[in-house]
Amino acid sequence: MGLMRNPEFRPFFCGFLLLTLCSIAGSFFFGLPAVCFVAAGWVLCWIALLSFLHRRYRAIASLSDELNRTLHGDYSLPISDYSEGELSVLRSEIYKMTVMLREQAEILKKDKVYLAEAMSDISHQLKTPLTSMNLLVSRLQQEAHDSQREALRELHRLLGRMEWMVSTLLKMSKLDAGTVFFQQEDIAVEKLIQAAAQPLSIPMELREQTLAVDCPDVKLTGDFPWTVEAVGNILKNCMEHTPMGGEIRVSGEETALYTGITIEDTGPGIDKDDLPHLFERFYVGKHASKDSIGIGLALAKSIIVQQNGTIQARNLPQGGACFSIRFYKKIV
């Protein structure tokens with residue numbers, strides 16, 4: 001009796017029941033004329049019910065269509081029913097809520113854009129003195145004594161770290177503000193991995209680590225520089241948690257639905273308490289390095305997600321961490 005869940009139907013059902021009882025009683029006391037009269041009333045009630053339900057559900061369908069257009073960004077079509085009744089009140093309340101949420105979203109977007117612009121200005125103001133300090137440290141290293149060179153090397157490393165943090169925070173603010181427009185181009189995954197691993201070649205060589213890449217003829221569609229940034233941060237994380245002489249393995253696959261990239265290392269793996277929070281901004285795991293501030297993996301996830309992708313982390317049965325990336329295709 002799913003129809004009985006509709007409150008509009010209940011009065012008509014009670015009327016039908018009453019007409020049925022009257023028909024039985026009339027046929028018993030008054031004969032055929034009473035039965036015909038009650039049957040005519042029955043038919044009229046059916047017509048009235050069907051007409052009422054048709055108008056009601058047509059209005060609901062119209063409301064649903066208007067809401068669907070609004071959800072897809074068509075704000076130029078206001079909900080335009082000014083008649084009386086519960087549905088009209090519902091239309092009015094939904095429209096007012098939609099206008100309010102739209103205004104709040106626009107204010108929030110303006111705030112994010114302002115924040116991104118402010119971060120950009122601050123980063124540019126910081127980059128100039130940082131560049132000058134790096135040049136000054138390089139010059140001092142040439143003239144310094146042996147006892148001073150170690151301190152200058154550490155200072156040079158710290159300045160490079162600060163420059164990386166400023167650049168990364170600027171990128172995250174742009175992503176949050178929605179001011180980044182990703183290019184759509186065909187990318188060879190093998191070329192992508194080579195570009196992402198290039199800045200890590202010297203640190204990996206010092207650690208005697210090897211990088212094995214198995215991505216023959218695998219391609220994805222996306223923005224090359226931003227995707228290099230994301231994959232590079234993941235490779236950097238694996239490098240930092242892989243011991244001397246370890247290996248980082250990268251494999252790729254392409255299906256009708258997505259292009260997948262899997263990155264594995266031979267380190268100790270990810271602590272089970274860190275797994276749920278690994279991609280959270282400024283989260284530092286138990287085994288993170290002392291210089292970690294927890295933004296590399298968060299930036300990587302943000303870049304991947306905004307390119308219609310997903311990323312997951314898990315531990316391998318034989319030990320080591322595994323990052324699984326999927327870039328889903330828009331057209332299958």
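Refer to the structure above for everything that follows.
Residues numbered from 1 in each chain as written. Predicted model: local features only at pLDDT ≥ 70, side-chain atom pairs only at ≥ 80, totals over all residues. Heavy atoms only, no water.

Novice: In this structure, what is going on with the nonpolar core? I would like to understand it.
Specialist: Side chains that are nonpolar tend, in soluble globular proteins, to be buried together. Counting 42 residues, the largest nonpolar core has Ile234, Leu235, Ile261, Ile263, Phe323 and Ile325 as its most contacted members. Looking at this core, the elements with two or more residues in it are helix 4 (146-177), helix 5 (189-197), helix 7 (224-240), strand 4 (247-254), strand 5 (258-265), helix 8 (296-305) and strand 7 (321-328). The biggest single contributor to this core is helix 7, with 8 residues. Among residues more than four places away in sequence, those in contact with Ile325 are Ile234, Thr259, Gly260, Ile261, Ile263, Ile304, Thr310 and Ile311. (Core = buried A, V, L, I, M, F, W, Y, C linked by side-chain atoms within 4.5 Å. Buried < 20%, exposed > 50% of the residue type's maximum accessible area, 1.4 Å probe, protein only. Helix = DSSP H or I, 4+ residues; strand = E, 2+ residues; numbered from the N terminus. Contact = heavy atoms within 4.5 Å.)

Novice: Can you walk me through helix 7 in this structure?
Specialist: Every α-helix winds through 3.6 residues per turn, so residues three or four apart in the chain are directed the same way. Between its first and last C-alpha, helix 7 extends 24 Å over 17 residues, near the 24 Å set by a 1.5 Å rise per residue. Where burial is concerned, most of helix 7 is hidden: 13 out of the 17 residues are buried. At the N-terminal boundary of helix 7, the capping side chain belongs to Asp223, with an oxygen 3.2 Å from the backbone nitrogen of Trp226. (Expected span 1.5 Å × (residues − 1). Polar contact = N/O pair within 3.5 Å; in protein donor to acceptor, adjacent residues only side chain to side chain.)

Novice: Hey, could you run me through the environment of Thr98 in this one?
Specialist: Position of Thr98 among the secondary structure elements: in helix 3 (residues 86-143). Separated by 28 residues in sequence, Thr98 and Thr70 have C-alpha atoms that sit 8.2 Å apart.

Novice: How should the sheet that holds strand 7 be read in this particular structure?
Specialist: Strand pairing within a sheet occurs via backbone hydrogen bonds; the two strands may be parallel or antiparallel. Taking strand neighbours across the sheet as the criterion, the 5 strands line up as 2-4-5-7-6 in an open arrangement whose pairing is mixed. Across the chains shown, the open sheet's two edge strands, defined by having one partner strand only, are strand 2 (210-214) and strand 6 (309-315). Neighbour-to-neighbour, the strand axes of this sheet turn through a mean angle of 15°, independent of strand direction. Looking at chain direction, strand 5 and strand 7 are connected through 7 bridges and run antiparallel. Considered in strand 7, the bridge of Ile261 is made with Ile325. (Pairing = 2+ DSSP bridges. Axes fitted to C-alpha atoms, helices over the stretch in contact; angles between N-to-C directions.)

Novice: Would you mind going over the side chain of Thr242 with me for this structure?
Specialist: Locating Thr242 in the fold gives a position in the loop between helix 7 and strand 4. Judged by relative accessible area, Thr242 falls into the buried class, the value being 3%. Excluding its chain neighbours within four sequence positions, the residues that come into contact with Thr242 are Arg207, Gln209, Glu247, Ile248, Asp265, Thr266 and Gly267.

Novice: Got a minute to help me understand helix 8 in this structure?
Specialist: Burial of helix 8 is extensive: 8 of the 10 residues sit out of reach of the surface. Among all positions in helix 8, only Gly296, Leu297, Ala298, Leu299, Ala300, Ser302, Ile303 and Ile304 are buried.

Novice: Just checking my understanding: could you explain the pattern of salt bridges for this structure?
Specialist: If you walk through the whole model with that rule in mind, you get 4 salt bridges. As a salt-bridge pair, Arg249 and Glu264 come within 3.2 Å of each other at their nearest N and O atoms. Of this pair, Arg249 sits in strand 4 while Glu264 is found in strand 5, placing the two residues 15 residues apart along the sequence. Between Lys329 and Glu254 there is a salt bridge, and its shortest N-O distance comes to 3.2 Å. On the criterion of sequence distance, the pair formed by Lys329 in the segment after strand 7 and Glu254 in strand 4 is long-range, its members being 75 residues apart. Residue Lys329 is classed as partly exposed on the basis of its relative accessible area of 29%. Where salt bridges share partners, they join Glu247, Arg249 and Glu264 into one cluster. (Salt bridge = Lys/Arg side-chain N within 4 Å of Asp/Glu carboxyl O.)

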